[in-house]
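# Observations on the model geometry
One letter stands for each residue in the lines below.
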Amino acid sequence: MLADQAAIAIERTTLVGDIETARVATERERLRAALLSSLSHDLRTPLVSIMGAASSLITYGPSLTDPQRTDLSQTIQDEAERLNRFVQNLLDMTRLEAGALRPKTDWVDLPDIIEAARRRAGRLLERHTVRITLPPALPLICVDPVLIEQVVFNLLDNARKYAPPDSTITVWAGHDGQTLTLEISDQGPGIPPEDRERVFDMFYRVDRNDRQSGTGLGLAICRGIVTAHGGTLQADSGLNGVGASLILRLPMPETVPGVPA
Ligand code: ADP
């Protein structure tokens, strides 16, 4: 009798183990399929634009007007930058998956990081108003400046991608002595409450027919980077319930260089 029960228990355990193995395999298969479809779409779209613009420049170059030439050159530059961002995201994702994303921390000024990310976004933000509100004396923070700049850049890039042109993107930072908070809010469609956790899953995109290009990798990478710093990254509704807010919280070390503890 006992032997029968033990056999049933072992069978059950094996079954649960099999189901778990199958679930992991299915999830891996889903990620692989999503990666392949994302790769082919996100690599081909900018490449086709670059090839088209370059071919027009070569074929019709001498007969084109200056503005037409500038327009085609601009397309090549914009699309090459888009490819570059995509490849950067893929590299970050690979390092994150391999556990190789280890922050190289240094004492830095958050406003410098925000400014660097904003500068890097450059023309991407030219159709939006970016309002930055920072307290007068923000203590230095101990983070990897390259990685945190990547997070701020991705959040600004999403804000301008999903919010309509001519709307305002608000960057706010504050601290309570223990935690530094950075909020990037926009006036776009927002993220529905039921998706506010799932948007941090790899390849997850909110289904809304807006045909915005994207990989569904950016926020997963941002959260991975922030977690590696011991912080949190969450999505919420935007200011006054309009749009989206992405809220980054980082622990503040107890001692700051040059300031006695
Ligand atoms: P991507 O933008 O490349 O699709 P992300 O991982 O950056 O990937 O974002 C995941 C999804 O979260 C996006 O597809 C979009 O649906 C939603 N999302 C992210 N940021 C915003 C935002 N600021 N406003 C509205 N939706 C957003």
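Summary of the structure given here. All figures in this text were calculated on a predicted structure; none of them were measured in a lab.

### As for helix α5 (residues 218-228)
Along an α-helix, residues three or four positions apart point the same way, because every turn accommodates 3.6 residues. Among the eleven residues of α5, eight are classified as buried, and the element is accordingly described as predominantly covered. When α5 is considered as a whole, its buried residues turn out to be Gly218, Leu219, Ala220, Ile221, Cys222, Gly224, Ile225 and Val226. Elements that come into contact with the buried residues of α5 comprise α2 (66-97), α4 (145-162), β6 (232-237) and β7 (244-251).

### Overview of the environment of Arg119
Along the chain, the position of Arg119 falls in helix α3 (residues 110-121). Taking relative accessible area as the criterion, Arg119 reaches 59% and is therefore assigned exposed. In sequence terms Arg119 and Val242 are 123 residues apart; their C-alpha atoms lie 26 Å from each other.

### Topic: the site of the ligand
For the ligand, the set of nearby residues contains 18 residues, the closest of which are Tyr162, Asp186, Arg205, Thr215 and Leu219. The side chain of Lys161 places a nitrogen or oxygen atom 3.0 Å from an oxygen atom of the ligand. The separation between an oxygen atom of the ligand and a polar side-chain atom of Tyr162 is 2.7 Å. Its free accessible area being 530 Å², the ligand has 97% of it covered by the protein chains. Sorting the residues of the shell around the ligand by element identifies α4 and α5 as the ones contributing at least two each. For the shell around the ligand, the element with the highest residue contribution is α4, accounting for three residues. Its residues placed into classes, the shell around the ligand shows eight nonpolar, six polar and four charged.

### What to know about the packing of α4 against α5
Taken N-terminus to C-terminus, the directions of α4 and α5 make an angle of 150 degrees; their axes are 10 Å apart at the nearest point. Classified by the angle between their axes, α4 and α5 sit roughly antiparallel to one another. Crossing hand, α4 versus α5: left-handed. Counted together, Leu147, Ile148, Gln150, Val151, Asn154, Leu155 and Asn158 of α4 and Gly218, Leu219, Cys222, Ile225 and Val226 of α5 form the full contact between these two elements. In terms of residue class, the contact of α4 with α5 is built from eight nonpolar, four polar and no charged.

### Considerations on the side chain of Thr181
By secondary structure assignment, the location of Thr181 is in strand β5 (residues 179-185). The buried category is assigned to Thr181, whose relative accessible area is 13%. Residues in contact with Thr181, not counting those within four places in the same chain, are Trp172, Ala173, Gly174, Ile247, Leu248 and Arg249.

### Topic: a nonpolar patch on the surface
A surface patch of nonpolar side chains, about 430 Å² in accessible area, is lined by Leu43, Leu47, Met51, Val87 and Leu91. Of all the secondary-structure elements, those providing two or more residues to the nonpolar patch are α1 (2-60) and α2. Here Leu91 lies in helix α2.

### Here we look at the pattern of salt bridges
Under the counting rule described, the total for this entry stands at eight salt bridges. Taking the shortest distance from any N to any O, the salt bridge between Arg85 and Asp157 comes out at 3.7 Å. Highlighted residues: Arg85 in helix α2 and Asp157 in helix α4, separated in sequence by 72 residues. Each member of the pair, Arg85 as well as Asp157, carries the same accessibility label: buried. Where Arg196 meets Asp236, a salt bridge forms, and the shortest distance between an N and an O atom there is 3.5 Å.

### Observations regarding the sheet that holds β5
Reading across the sheet, the five strands line up as β2-β4-β5-β7-β6 and stay open at both edges, with mixed pairing between neighbours. Looking along the sheet, the strands with just one partner apiece sit at the ends: β2 (129-133) and β6. With strand direction ignored, the average angle separating the axes of adjacent strands in the sheet is 15 degrees. Across the sheet, α5 is in contact with β6 and β7; its angle to β6 comes to roughly 135 degrees.

### Things to note about the packing of α3 against α4
Running from N to C, α3 and α4 point in directions that differ by 55 degrees, and their axes come no closer than 8 Å. With respect to α4, the axis of α3 lies oblique. Where α3 crosses over α4, the two elements pack in a sense that is right-handed. Listed contacts from α4 to Ile113, Ile114, Ala116, Ala117, Arg118, Arg120 and Ala121 of α3 are Pro145, Ile148, Glu149, Gln150, Val152, Phe153 and Leu156.

About the thresholds
Residues numbered from 1 in each chain as written. Predicted model: local features only at pLDDT ≥ 70, side-chain atom pairs only at ≥ 80, totals over all residues. Heavy atoms only, no water. Buried < 20%, exposed > 50% of the residue type's maximum accessible area, 1.4 Å probe, protein only. Helix = DSSP H or I, 4+ residues; strand = E, 2+ residues; numbered from the N terminus. Contact = heavy atoms within 4.5 Å. Near = heavy atom within 4 Å. Polar contact = N/O pair within 3.5 Å; in protein donor to acceptor, adjacent residues only side chain to side chain. Areas by Shrake-Rupley, 256 points an atom, 1.4 Å probe, with all protein chains shown as cover. Nonpolar A, V, L, I, M, F, W, Y, C, P; charged D, E, K, R; others polar. Axes fitted to C-alpha atoms, helices over the stretch in contact; angles between N-to-C directions. Parallel < 35°, antiparallel > 145°, perpendicular 65-115°, else oblique. Left-handed = near helix turned anticlockwise from the far one by under 90°. Patch = residues over 30% accessible without salt bridge, like charges linked within 9 Å, V, L, I, M, F, W, Y side chains within 5 Å. Salt bridge = Lys/Arg side-chain N within 4 Å of Asp/Glu carboxyl O. Pairing = 2+ DSSP bridges.

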